[in-house]
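So the chains spell out like this:
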Amino acid sequence: MKYYVDSKILESDKPLSLGEIFNKLELGSNVLGAEVEGEVKDFYFNPADESKIYPIFLDNEKSLTLIRHSAAHILAQAVQSIYPDTKVTIGPVIDDGFYYDFYTDRNFTEDDLKLFENKMHEILEKNVSFEKEVINKNEALKIFSNMGETFKEEIINDLDESQEISLYKQGDWFDLCRGPHLPNSTFIKSFKLLSVAGSYWRGDETRESLQRIYGTAFSNPKDLKKHLKIIDEAKKRDHRKLGKELDLFSINDEIGPGLVLWHPNGSVIRNIIENYWREKHIESGYQIIYTPHIAKANLWETSGHLEFYSENMFSQMEIDTNKYQTKPMNCPFHIMIYKNGLRSYKELPIKYAEIGTVYRYERSGVLHGLFRARGFTQDDAHIFCSLDQIEQEVNDVIDLTTEFLKKFGFSEYEIFVSTKPSKYVGSDDEWSSATNSLKKSLDNKSLKYSIDEGGGAFYGPKIDLKIKDVLGRSWQCSTVQVDFNLPKRFDLEYISSNNQRLQPVMIHRAIFGSFERFFGILIEHYGGAFPTWLAPYQLKLLSVSDEQVEYVNDIADNLRSAGIRVDIDNRNEKLGLKIRESEISKVPYIGIVGKNELENETISLRKYGGKQIGELKSNKLLELINDELSGRVDS
RNA sequence: GCUGGCGUAGCUCAGCGGUAGAGCAGCUGAUUUGUAAUCAGCCGGUCGGGGGUUCAAGUCCCUUCGCCAGCUCCA
């Protein structure tokens with residue numbers, strides 16, 4: 001046998017485990033495990049001949065997998081030692097930590113978390129080692145059924161005959177687990193239990209509900225502290241909190257959950273975004289349209305929404321003798337405009353764009369501020385084109401999308417191409433050609449993407465763009481979907497160059513996804529301190545005393561007529577207070593006018609955050625802001 | 001929808017069987033103020049809604065609505 005361990009080569013006449021290999025190479029006690037063929041493995045793993053082995057030490061990011069998984073086991077031990085009637089289920093590693101799901105009659109509380117944490121420290125003081133033991137299925141079933149661990153029994157019963165069944169022992173406690181784990185618990189140096197939440201056994205809401213404990217662990221206290229700080233920062237940036245503080249929007253009980261009121265401050269921002277959006281879309285050859293909010297149920301019958309989407313639609317209402325329904329999507333309306341005339345190939349592509357408000361029934365538990373609402377406005381567009389225009393059109397959509405996202409400071413996103421699902425309409429040829437068009441467009445732009453196999457909509461493949469917010473959550477905003485289904489259902493046609501009636505393809509696309517969600521993301525992205533071009537007020541003028549009031553009003557008038565959004569504070573208050581309040585409202589510029597400025601006919605300018613720009617004339621101030629808005633100055 | 005937690009003044013929160021509280025905001029007055037909180041007074045709540053237990057209910061119980069953390073699902 002031959003093993004390649006980093007730069008070293010180890011030869012042996014019999015197969016060795018990783019632990020034995022590390023021992024022979026005298027790698028010392030700092031090694032936690034290894035990465036073999038892209039997977040994290042522990043000391044009990046037997047690498048194949050000629051394997052390349054990359055040992056994992058504490059400073060390696062991969063160590064977190066081992067640390068967190070083992071921390072989850074320590075948690076489970078702690079919980080069972082405090083509440084012995086608790087049954088264990090599963091405890092995997094997740095992006096930022098780990099969780100463990102328990103079955104118990106008890107409701108765990110925040111106080112319990114402390115209790116568990118203390119117990120974990122107690123267990124860790126004894127410095128336990130994690131020992132793997134392989135057993136057969138019958139033994140395993142016997143052990144766990146004797147213990148009353150019914151969930152583990154279920155797991156074992158569902159295991160494939162070929163799968164190895166193993167226990168990991170830590171002191172006098174053990175768990176059914178396939179690993180990998182740390183060699184011993186000394187590596188669990190910094191951990192914290194974060195929250196309790198409910199979950200379901202196997203994510204199935206008809207099964208037992210469980211108590212989930214979330215925690216995180218790191219290889220050193222510094223990283224843990226950093227992580228807790230990020231959680232804290234995310235809390236500060238929560239758009240629901242900032243939305244209230246900055247008076248941007250509200251969601252009111254008396255109106256209904258998931259329905260958003262855009263306050264004047266938020267509306268200023270939305271209006272700017274909408275105007276920019278319209279301008280860019282017209283430039284890019286879109287035609288802006290408006291459509292109603294309700295339509296006859298028959299339309300939704302034709303479109304297939306009643307068949308495929310009814311659980312997301314609000315109930316029908318009866319008007320005269322017809323049934324009507326609020327729209328969950330805009331597409332059928334755009335289609336009807338397309339169908340209003342006979343179309344020629346010379347017209348294609350036809351691109352209809354609408355800032356269209358839709359209503360979707362969302363289960364009450366999933367509503368989440370602006371991120372998840374029941375009424376929201378999509379920046380929707382539908383491109384009607386021929387099959388061979390798809391690639392070009394998708395190209396253009398991607399260009400437009402990346403341009404938009406860049407404008408708002410998003411340059412990092414994940415891209416997914418979702419392919420044919422098990423239930424689909426259209427021919428395999430159409431699917432593969434459309435999917436290839438999507439891929440080609442991305443390849444042309446050297447954009448990296450992952451394939452979401454089978455994740456496409458029933459009517460066609462799609463590209464999804466996800467941008468990441470400060471919480472590290474990624475949010476789907478932009479989407480480009482190719483659709484063969486609706487043109488068929490609505491019998492769309494165009495007259496081709498050789499005078500044939502052909503069916504166009506539809507491309508559904510949205511860049512922001514919805515104004516509500518995108519606004520929520522923006523609020524968190526900027527932490528409420530919007531850049532000057534978006535800020536509800538761009539400049540706040542503060543008088544130092546009553547004597548400057550008239551002068552302040554004059555400057556404000558002038559700047560307003562030059563298009564600057566100016567707020568004034570002429571109250572009889574101390575300057576310190578006015579500055580404090582302006583800072584809290586996060587206005588990008590503060591202009592201070594006192595005795596000196598009045599005399600010199602100037603304004604003292606200060607940026608949000610406290611940076612002094614100094615005394616300048618009103619026309620210079622205007623120039624400075626305009627330079628920033630036109631992008632000539634990077635602020 | 002489900003599991004758990006929580007709804008007290010415009011906001012943030014205290015009170016957890018015995019006469020509804022604080023800070024901030026608001027209003028009024030004094031102060032004419034120079035780069036993140038001037039001082040004083042006043043106003044403000046059927047303690048989310050409904051029902052019940054009790055001599056007595058923010059406080060205990062039931063129910064309903066909403067919010068929060070998750071589960072599940074999505075723009």
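Each value, and the rule that gives it
Here the residue index of a chain counts from 1 through its sequence in written order. Chain letters start at A and ligand numbers start at 1, both assigned in the order the entries are written. Side-chain atom pairs in this predicted model are given and counted only at pLDDT of 80 or more, local residue features only at pLDDT of at least 70, and totals for whole chains, interfaces and linings cover all residues. Values shown for side chains rest on all heavy atoms present in the structure; no hydrogens or waters enter the calculation. To count toward a patch, a residue needs a relative accessible area above 30% and no salt bridge. Like charges then connect within 9 Å, nonpolar side chains (Val, Leu, Ile, Met, Phe, Trp, Tyr) within 5 Å. Note on areas: Shrake-Rupley with a 1.4 Å probe; residue coverage comes only from the protein chains shown. Counted as salt bridges are all cases of a side-chain nitrogen of Lys or Arg within 4 Å of a carboxyl oxygen of Asp or Glu. A run of H or I in DSSP counts as a helix once it spans at least four residues, and a run of E counts as a strand once it spans at least two, with each numbered from the N terminus. Exposure categories follow from relative accessible area, calculated using a 1.4 Å probe and restricted to protein chains: below 20% of the type maximum is buried, above 50% is exposed, and the middle band is partly exposed. Whether two residues are in contact is decided by their heavy atoms, any of which lying within 4.5 Å being enough. Within this scheme, the nonpolar core is defined by two criteria: the residues are buried Ala, Val, Leu, Ile, Met, Phe, Trp, Tyr or Cys, and they are joined through side-chain atoms within 4.5 Å. A cutoff of 4 Å decides nearness: a residue is near a molecule or strand if any of its heavy atoms lies inside that distance of it. Here a polar contact means two N or O atoms within 3.5 Å. Within protein one must be a hydrogen donor candidate and the other an acceptor candidate, and residues neighboring in sequence count only if both atoms are side-chain atoms. Only Asp, Glu, Lys and Arg are considered charged in this grouping, and only Ala, Val, Leu, Ile, Met, Phe, Trp, Tyr, Cys and Pro are considered nonpolar; every other residue, Gly among them, is considered polar. His is not counted, nor are the chain ends; Lys and Arg add positive charge and Asp and Glu add negative charge. Think of it this way: DSSP has to see at least two bridges between two strands before they count as a pair. As a rule, the C-alpha atoms of each element are fitted with a line to give its axis, helices using only the stretch in contact, and angles between N-to-C directions run from 0 to 180 degrees. By the definition adopted for this analysis, an angle is roughly parallel if under 35 degrees, roughly antiparallel if over 145, roughly perpendicular if from 65 to 115, and oblique otherwise. In this scheme, a crossing is called left-handed if the near helix is turned counterclockwise away from the far one by less than a right angle; it is called right-handed if the turn is clockwise.

Asks: Looking at this structure, I do not really get a nonpolar patch on the surface. What am I missing?
Replies: Together, Ile294, Met317 and Ile319 make up an exposed nonpolar region whose accessible area comes to about 190 Å². Along the chain, the position of Ile294 falls in strand β17 (residues 294-296). Accessibility expressed as a relative area gives 30% for Ile294, which makes it partly exposed.

Asks: Could you clarify how one ought to interpret the environment of Ile272 in this entry?
Replies: By the element assignment, Ile272 lies in helix α8 (residues 264-283). The spatial distance from the C-alpha of Ile272 to the C-alpha of Phe515 is 12 Å, given a sequence separation of 243 residues. Beyond its immediate stretch of four places on either side in the chain, Ile272 contacts Trp533, Leu534 and Arg565.

Asks: Looking at this model, I keep getting lost on the pattern of salt bridges. Mind explaining?
Replies: Per the stated rule, a full pass over the model turns up 35 salt bridges. Two residues, Asp569 and Arg571, come together in a salt bridge whose shortest N-O distance is 3.0 Å. The exposure class of Arg571 is partly exposed, given its relative accessible area of 38%. Linked through salt bridges whose partners overlap, the residues forming this network are Glu154, Asp158, Arg202, Arg207 and Glu208.

Asks: In this structure, what is going on with the nonpolar core? I would like to understand it.
Replies: A general tendency of soluble globular proteins is for nonpolar side chains to be buried together. In this structure, Phe408, Ile463, Phe530 and Leu534 are the most contacted members of the largest nonpolar core, which totals 58 residues. Filtering out sequence-adjacent residues up to four positions away, Phe408 remains in contact with Ile273, Tyr276, Phe512, Phe518, Leu522, His525, Tyr526, Trp533 and Leu534. Residues Ile67, Tyr100, Leu113 and Leu182 belong to the second largest nonpolar core, which totals 35 residues.

Asks: Hey, could you run me through the protein's contact with RNA strand B in this one?
Replies: Neighbouring RNA strand B are 50 residues; Tyr200, Arg372, Asn572, Lys595 and Glu597 lie closest to it. For RNA strand B, the fraction of protein-proximal atoms (within 4 Å) that sit in sugar or phosphate groups is 46%. Within the side chain of Tyr200, an N or O atom sits 2.5 Å from a base oxygen of RNA strand B. Within the side chain of Glu573, a nitrogen or oxygen atom sits 3.3 Å from a base oxygen of RNA strand B. Contributions of two or more residues to the surface near RNA strand B are made by β12 (190-200), β13 (209-218), α7 (239-245), β25 (474-483), β28 (505-514), α17 (575-584), α18 (595-600) and β32 (603-607). Looking at the surface near RNA strand B residue by residue, the class counts come to 13 nonpolar, 19 polar and 18 charged.

Asks: Please explain the side chain of Arg68 as it appears in this structure.
Replies: With respect to the element layout, Arg68 can be found in helix α2 (residues 63-82). Asp96 provides the closest opposite charge to the buried, salt-bridge-free Arg68, at an N-O distance of 5.7 Å. Discounting chain neighbours no more than four positions away, the residues touching Arg68 are Val93, Ile94, Asp95, Asp96, Gly97, Phe98, Thr216, Ala217 and Phe218.

Asks: Before we go on, may I ask you to explain the sheet that holds β32 in this structure?
Replies: Sheet strands pair by backbone hydrogen bonding; their relative direction is either parallel or antiparallel. Sheet architecture is open: five strands sit in the order β30-β29-β31-β32-β33, paired in mixed fashion. Only two strands of the sheet have a single partner each, and these edge strands are β30 (566-569) and β33 (612-616). Ignoring strand direction, the axes of neighbouring strands in this sheet form an average angle of 20°. With four bridges connecting them, strand β31 (residues 589-593) and β32 associate as antiparallel partners. Across the sheet, the residue bridging to Gly591 is Leu605, located in β32.

Asks: I keep staring at the side chain of His73 and nothing clicks. Help me out?
Replies: Structurally, His73 is set in helix α2. Within the structure, His73 has its side chain in polar contact with the side chain of His181 (distance 3.3 Å). Non-local contacts of His73, meaning those with residues more than four positions away in its chain, are made with Phe130, Tyr168, Gln170, Trp173, Asp175, Cys177 and His181.

Asks: Before we go on, may I ask you to explain unusual backbone geometry in this structure?
Replies: Excluding glycine, residues mostly carry a negative phi; peptide bonds, for their part, are mostly trans. Here the residue pair Gly179 and Pro180 is connected by a cis peptide bond, since its omega of -5° sits within 30 degrees of zero. Within the fold, Pro180 resides in the loop between β11 (173-176) and β12. A cis geometry characterises the amide bond from Leu348 onward to Pro349, with omega recorded as -5°. For Pro349, the position within the fold is in the loop between α11 (331-339) and β20 (350-359). For Glu37, which is not glycine, the phi torsion reads 50° and is therefore positive. Position of Glu37 among the secondary structure elements: in the loop between β3 (31-36) and β4 (39-41). Given the relative accessible area of 70%, Glu37 is considered exposed. If you check the backbone angles, Lys586 has positive phi at about 60° while not being a glycine. Mapping Lys586 onto the fold places it in the loop between α17 and β31. Of the residues examined, Lys586 reaches a relative accessible area of 18% and is grouped as buried.

Asks: Would you mind showing me how to read the packing of helix α4 (residues 137-147) against helix α5 (residues 150-158) here?
Replies: Between two packed helices, both the angle of their axes relative to each other and the distance between the axes serve to describe the pair. Running from N to C, α4 and α5 point in directions that differ by 165°, and their axes come no closer than 8 Å. In this view, α4 runs roughly antiparallel relative to α5, as classed from their interaxial angle. In the packing of α4 onto α5, the handedness of the crossing is left-handed. Along the contact surface, α4 presents Lys137, Ala140, Leu141, Phe144 and Ser145, while α5 presents Lys152, Glu153, Ile156 and Asn157. Classifying every residue of the contact of α4 with α5 by side-chain character gives four nonpolar, two polar and three charged.

Asks: Is there a simple way to explain the packing of helix α12 (residues 390-407) against helix α13 (residues 428-444) in this structure?
Replies: Contact geometry for α12 and α13: axes closest at 9 Å, N-to-C directions at 50°. If you check the angle between α12 and α13, you find them oblique. Crossing hand, α12 versus α13: right-handed. Mapping the contact onto sequence places Ile390, Glu391, Val394, Asn395 and Ile398 in α12 and Ser437, Leu438, Lys440, Ser441, Leu442 and Asn444 in α13. Among the residues forming the contact of α12 with α13, the class breakdown is five nonpolar, four polar and two charged.

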